[in-house]
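Results of the structural survey
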Amino acid sequence: MLSLAATLAVVADAIHSPDSGAEGKVRAACVIDQVMAAARAAKFEQADILETMLAARTHPTRLIPVFDALVARVGSPKVVEIIQQGLASASSQNGGK
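A brief report on the enclosed structure follows. (Residues numbered from 1 in each chain as written. Predicted model: local features only at pLDDT ≥ 70, side-chain atom pairs only at ≥ 80, totals over all residues. Heavy atoms only, no water.)

**Focus on the nonpolar core**
To be explicit about the condition: Here, the term nonpolar core denotes a set of buried Ala, Val, Leu, Ile, Met, Phe, Trp, Tyr and Cys residues that are joined through side-chain atoms within 4.5 Å. Buried residues are those whose accessible area, probed at 1.4 Å on protein chains only, stays under 20% of the maximum for their type, while exposed residues exceed 50% and partly exposed ones sit between those limits. Secondary structure elements are defined from DSSP: runs of H or I of at least 4 residues count as helices, runs of E of at least 2 residues count as strands, and each element is numbered from the N terminus. Whether two residues are in contact is decided by their heavy atoms, any of which lying within 4.5 Å being enough.
Counting 27 residues, the largest nonpolar core has Leu 8, Leu 50, Leu 54, Leu 63, Phe 67 and Leu 70 as its most contacted members. Listing elements by their share of this core, those giving two or more residues are α1 (4-14), α2 (22-41), α3 (47-55), α4 (60-74) and α5 (76-93). At seven residues, α2 tops the list of elements feeding residues into this core. In this structure, Leu 70 is in contact with Leu 8, Val 35, Met 36, Ala 39, Phe 44, Leu 50, Gly 75 and Val 79, ignoring residues within four places of it in sequence.

Quick look at the structure:
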């Protein structure tokens with residue numbers, strides 16, 4: 001089972017992965033955008049650093065410690081809610097598949 005930080009790193013990697021479909025890339029970007037908005041609302045001190053790392057397409061394993069700090073600041077329930085909303089919207093647009 002992946003930690004929330006590792007899950008976010010995988011989601012962030014999906015944005016630029018050649019293995020991700022166009023729809024998956026859009027959904028992954030939306031999840032990361034929502035997570036970053038929550039981080040900024042929670043006054044996460046490393047938000048600018050994380051944003052730079054994401055833009056630079058930093059290797060996912062290097063993102064995990066920063067995402068771990070983000071989850072600690074924002075709170076696991078909020079991060080889970082954001083991920084679940086991303087999955088729910090994907091499921092509803094795919095006919096529940």
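**Examining α2**
As a reminder, the rule being used: An expected span of 1.5 Å times one less than the residue number is assigned to each helix.
The terminal C-alpha atoms of α2, which comprises 20 residues, lie 29 Å apart, in line with the 28 Å expected from a rise of 1.5 Å per residue. Listing the buried residues of α2 in full gives Arg 27, Ala 28, Val 31, Ile 32, Val 35, Met 36, Ala 38 and Ala 39. Trailing α2 by a residue or two, Lys 43 shows a phi angle of about 55 degrees, which is positive.

**Some thoughts on α3**
Worth spelling out the cut-off: For this quantity, the arc is that covered by the directions from the helix axis to the C-beta atoms.
Of all the residues in α3, the buried ones are Ala 47, Leu 50, Met 53 and Leu 54. Angular distribution of buried residues about the axis of α3 spans 125 degrees; they occupy a single face of the element. In α3, the exposed positions that point more than 90 degrees away from the buried face belong to Asp 48, Thr 52 and Ala 55. Tucked into the core, α3 has its buried residues touching α1, α2 and α4.

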